[in-house]
Amino acid sequence: MNLAQQIIAGETPTHAQLGVSLSTVNDQAAASYGLAAESGAYVAAVSQGSGAEAAGLQEGDIITALDGESVEGASDLMLAVRGKNPGDTVKLTVNRNGQEQEISVTLGDDAASQKAAAEQKAQREQQMPEQGQDFGWGYGDGNDYGYGWGLRRWLRPGRRQRVRLRRWLWQR
């Protein structure tokens, strides 16, 4: 099911995901690090429980093609994977220690990472005080929208903010 169909059905849209962290390999990087391939997507890390891990991709592999189409860098690979659906099987051409091999990978989806991001956002919102409450120092009592002369304790201004505040107060 593509993204438009997912949105029409009222679902949260998900994308296909390989389950790796990538970096672009170019001529300079290949020469600097002694890599076997001069272009492609370098696998910096493999996520646990991903299709990439199940297929046997390893850190240090360089992906040079997906389904027979050349991969020039990490962005090329990410775009090609996003064009697929979760559950599709793709054939990767991988350069491992100077030898090329074909690996079939079943793509996962990013629903788990979306869920984790939503949980983190909810946790951050619970830790923040309501607007208009919890003024730390300064003068004035604020209003219902959180505006006033004080600063919120949870902001914990750094040196730059303190200097700006002093200048602002000096001008008043």
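The structure presented is a predicted model; accordingly, all values stated were derived computationally and were not measured.

**Things to note about helix H4 (residues 74–82)**
- Taken as a whole, H4 has its buried residues at Ala74, Leu77 and Val81. The arc that holds every buried residue of H4, seen down its axis, measures 65°, which confines them to one face.
- On its buried face, H4 sits against strand S1 (16–17), strand S2 (20–25), strand S3 (40–46), strand S4 (62–66) and strand S6 (89–96).

**Structural notes on the pairing of S4**
- Counting buried positions along S4 gives 5 out of 5 residues, so the element sits mostly inside the fold.
- Pairing geometry for S3 and S4, over 2 bridges, is antiparallel. Residue Ala41 lies in a different strand from S4, and its bridge partner there is Ile63.
- In the sheet, S4 pairs with strand S5 (residues 69–70) via 2 bridges, with the strands oriented antiparallel. Across the sheet, residue Ala65 finds its bridge partner in S5, namely Ser70.

Conventions we followed
- Residues numbered from 1 in each chain as written.
- Predicted model: local features only at pLDDT ≥ 70, side-chain atom pairs only at ≥ 80, totals over all residues.
- Heavy atoms only, no water.
- Buried < 20%, exposed > 50% of the residue type's maximum accessible area, 1.4 Å probe, protein only.
- Helix = DSSP H or I, 4+ residues; strand = E, 2+ residues; numbered from the N terminus.
- Arc of directions from axis to C-beta.
- Contact = heavy atoms within 4.5 Å.
- Pairing = 2+ DSSP bridges.

Limitation: the analysis is restricted to geometry and does not speak to function.
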